[in-house]
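Chain by chain, the residues run as shown.
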Amino acid sequence: MLRSLIPLVALIAVPAVAQSNAPGERAVLSVIERFFTCMTTRDSSGMAAILEPDGMFTITEIGPTAKPPRIVTNNDYLARVKKGGGTLLERYWDPTVRMDSALAVIACPYDFHFDGVFSHCGLDVFTLVKREGQWRIASCAYSMQKEGCEPSPLGPLKQ
């Protein structure tokens, strides 16, 4: 009898733990959402406000023509977004958030569209740090895959 209660108690405890972190998780996810909104509007100053100046992006390609992983500074990334043309749209889903009071890591699958056309998919991994009470993106590592992507649970782009 006791053995059959242990899994039941575990199922009850897990939602309680998840709910207790909900406000903190919403806070870090809102930074990621703001980042993507700024990217779409090419608002480099808005992005700079939530990126650590000394942070970096690590880009890893997947596929037969993949280049070696490359690293760009947050400032270089901002410059690319600012000077580029076309419309950027990145969508993510099913984020996994691990955090404490000063550090958060978010991993989520994503798809990316350029000028309304699918470009690639992959996995984003963001590291955020809390500075002066505000969450900021310290780094982002992401994979890029052009073929073999699972369809997004968000459905096709709404035109």
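Look a little higher up for the structure.
Let me sum up the structure you'll find in this document. (Residues numbered from 1 in each chain as written. Predicted model: local features only at pLDDT ≥ 70, side-chain atom pairs only at ≥ 80, totals over all residues. Heavy atoms only, no water.)

1. Some remarks on the overall build of the protein
Looking only at helices and strands, one finds four helices and seven strands in the protein. For the protein, the α and β elements follow one another from N to C terminus as α-α-α-β-β-α-β-β-β-β-β. For the protein, with 159 residues in total, the buried portion stands at 33%. Contacts in the protein between residues far apart in sequence, at least 24 positions, make up 53% of those at least 6 positions apart. Of the roughly 9800 Å² that the protein leaves accessible, carbon and sulfur atoms contribute 61%. (Helix = DSSP H or I, 4+ residues; strand = E, 2+ residues; numbered from the N terminus. Buried < 20%, exposed > 50% of the residue type's maximum accessible area, 1.4 Å probe, protein only. Contact = heavy atoms within 4.5 Å. Areas by Shrake-Rupley, 256 points an atom, 1.4 Å probe, with all protein chains shown as cover.)

2. A look at the environment of Leu29
Locating Leu29 in the fold gives a position in helix α2 (residues 22-40). Taking relative accessible area as the criterion, Leu29 reaches 15% and is therefore assigned buried. Between the alpha carbons of Leu29 and Pro95 there is a distance of 8.4 Å; along the sequence they are 66 residues apart.

3. A closer look at the nonpolar core
Of all hydrophobic cores here, the largest spans 32 residues; its most connected members are Phe35, Met47, Phe57, Tyr77, Ile106, Phe126 and Leu128. Broken down by secondary-structure element, the contributors of at least two residues to this core are α2, β1 (51-62), α4 (74-83), β3 (88-92), β5 (103-114), β6 (117-131) and β7 (134-145). Broken down by element, this core gets its largest block of residues, eight residues, from α2. (Core = buried A, V, L, I, M, F, W, Y, C linked by side-chain atoms within 4.5 Å.)

4. Examining the packing of aromatic side chains
Given two aromatic rings, their pairing is described by the distance between the two centres and the angle made by the two planes. One pass over the structure, following the stated rule, counts eight aromatic pairs. Among the aromatic side chains, those forming a connected cluster through ring pairs are Phe35, Phe36, Phe57, Tyr77, Tyr92 and Phe126. (Phe/Tyr/Trp six-rings, centres within 6.5 Å; stacked < 30°, edge-to-face > 60°.)

5. Looking at the state of the cysteines
Taken as a whole, this structure holds one disulfide when the rule is applied. Across a sulfur-sulfur distance of 2.1 Å, Cys121 and Cys149 are joined as a disulfide pair. One disulfide, between Cys121 and Cys149, carries an S-S torsion of -90° and so falls in the left-handed class. Here Cys149 lies in the segment after β7 and Cys121 lies in strand β6, a separation of 28 residues in the sequence. The class for Cys121 is buried, based on a relative accessible area of 10%. Not engaged in a disulfide, the cysteine Cys108 finds its nearest cysteine sulfur in Cys140; these two sulfurs lie 8.2 Å apart. (Disulfide = S-S within 2.5 Å.)

6. Section: the side chain of Asp111
One can find Asp111 in strand β5. Engagement of the side chain of Asp111 in a polar contact is seen with the side chain of Arg91, the distance being 2.7 Å. Setting aside chain neighbours within four positions, we find Asp111 in contact with Leu89, Glu90, Arg91, Trp93, Phe118, His120, Cys121 and Ser152. (Polar contact = N/O pair within 3.5 Å; in protein donor to acceptor, adjacent residues only side chain to side chain.)

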